[in-house]
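Residue strings, one per chain:
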Amino acid sequence: MIVCVCNNISDREIRQAIDLGISTMDGLREALGVATCCGNCLSYAVEVLSEHVAAPIQETVLKRPTLTT
């Protein structure tokens, strides 16, 4: 979903930026331009940031089947 209409930034792009190491709203402003124009997206951008930073990383581990004789 588009979070920042002015700069066409989606919640997915915000999450990807967080995964790449951005952990503050100032960082999102600098990297993506979120909340740098009209500011209407600020509250939702902060919500996405807070939820994604707080969420534990889900790691998928694939296991190979073992052959039994």
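Residues numbered from 1 in each chain as written. Predicted model: local features only at pLDDT ≥ 70, side-chain atom pairs only at ≥ 80, totals over all residues. Heavy atoms only, no water.

Running from N to C, helix α2 (residues 25–32) and helix α3 (residues 42–54) cross one another at 110 degrees; their axes reach a closest spacing of 10 Å. Viewed along their axes, α2 and α3 adopt a mutual orientation that is roughly perpendicular. Crossing of α2 over α3 shows right-handed handedness. Every residue of α3 that contacts α2 at M25, L28 and R29 is listed here: L42, A45, V46 and L49. For the contact of α2 with α3, the residue count by class is six nonpolar, no polar and one charged. (Axes fitted to C-alpha atoms, helices over the stretch in contact; angles between N-to-C directions. Helix = DSSP H or I, 4+ residues; strand = E, 2+ residues; numbered from the N terminus. Parallel < 35°, antiparallel > 145°, perpendicular 65-115°, else oblique. Left-handed = near helix turned anticlockwise from the far one by under 90°. Contact = heavy atoms within 4.5 Å. Nonpolar A, V, L, I, M, F, W, Y, C, P; charged D, E, K, R; others polar.)

The N-to-C vectors of helix α1 (residues 11–19) and α3 enclose an angle of 45 degrees; their axes lie 10 Å apart at closest approach. Here α1 is positioned oblique relative to α3, judged by the angle of their axes. Considering the relative orientation of α1 and α3, their crossing is right-handed. Seen from α1, the contacting residues are D11, I14, R15, I18 and D19; seen from α3, they are A45, V48, L49, H52 and V53. Considered class by class, the residues forming the contact of α1 with α3 number six nonpolar, one polar and three charged.

The final tally for this structure, using the stated rule, is two salt bridges. Of the charged contacts in the structure, one is a salt bridge between R15 and D11, with a shortest N-O distance of 2.7 Å. Here the residue R15 and the residue D11 both occupy positions in helix α1, the gap between them amounting to four residues, near one helical turn. The exposure class of R15 is partly exposed, given its relative accessible area of 27%. The partner of D26 in a salt bridge is R29, and the shortest N-O contact between them spans 3.1 Å. One end of the pair is D26 and the other is R29, both in helix α2 and three residues apart, which spans about a single turn. (Salt bridge = Lys/Arg side-chain N within 4 Å of Asp/Glu carboxyl O. Buried < 20%, exposed > 50% of the residue type's maximum accessible area, 1.4 Å probe, protein only.)

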